[in-house]
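Observations on the three-dimensional arrangement
The residues making up each chain are set out below.
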Amino acid sequence: MAKLTLEKAKKAVGIGSFVEKTIKFRDVDGNPFEGEIFIKVLSSEEVANITDILKLKNDEKHTIDQYRAAMLIQSIFEGEDKPFFPDLKS
C-alpha cells in the first residue's frame, strides 16, 4: 500500500477542482428544467473564511442565510472561470 501524504490526499479529494453537476427543477409553469453547473471543491480554509466576502466587522455576527449566500457565491460556477452568482445581491 502506498504511503499517504497531504499532497496525495488533496489531489484525491480534488481541492480547488470543479465538478460538473446537472441540476433539475420545475420552472414557473411547472415544466421540467435542467442544466449543467460546476461546483468548486473548497478547501477547509476557504470554508472557514467563507463569510469574508460579507465584509463584516470582527464583532458582527452573520445569519445562516448570509452564510448560505457566501457559500453559493464561492462554490457555484457557470464555467471554471465564471461564477454563477456575480455578487451577494444576486
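You'll find the structure just up there.
Parameters at a glance
- Residues numbered from 1 in each chain as written.
- Predicted model: local features only at pLDDT ≥ 70, side-chain atom pairs only at ≥ 80, totals over all residues.
- Heavy atoms only, no water.
- Helix = DSSP H or I, 4+ residues; strand = E, 2+ residues; numbered from the N terminus.
- Expected span 1.5 Å × (residues − 1).
- Contact = heavy atoms within 4.5 Å.
- Salt bridge = Lys/Arg side-chain N within 4 Å of Asp/Glu carboxyl O.
- Buried < 20%, exposed > 50% of the residue type's maximum accessible area, 1.4 Å probe, protein only.

Observations concerning the environment of Glu20
- Structurally, the position occupied by Glu20 is in strand β1 (residues 18-26).
- With 19 residues separating them along the chain, Glu20 and Ile39 place their C-alpha atoms 6.4 Å apart.

Topic: helix α3 (residues 64-75)
- Taking 1.5 Å per residue, twelve residues should reach 16 Å; α3 reaches 16 Å between its end C-alpha atoms and fits that length.
- Looking at the packing, one finds that the buried side of α3 touches β2 (32-40), β3 (76-79) and β4 (82-83).

Quick word on the pattern of salt bridges
- In this structure the tally under the stated criterion is three salt bridges.
- Here Asp65 makes a salt bridge to Arg68, at a shortest N to O gap of 3.9 Å. Of the two residues, Asp65 and Arg68 are both situated in helix α3; the distance of three residues between them amounts to about one turn of the helix.
- Overall, Arg68 belongs to the exposed group, its relative accessible area being 53%.
- The residue Glu78 makes a salt bridge to Lys82 at a minimum N-O spacing of 3.4 Å.

Scope: geometric values only; no functional claims are made or implied.
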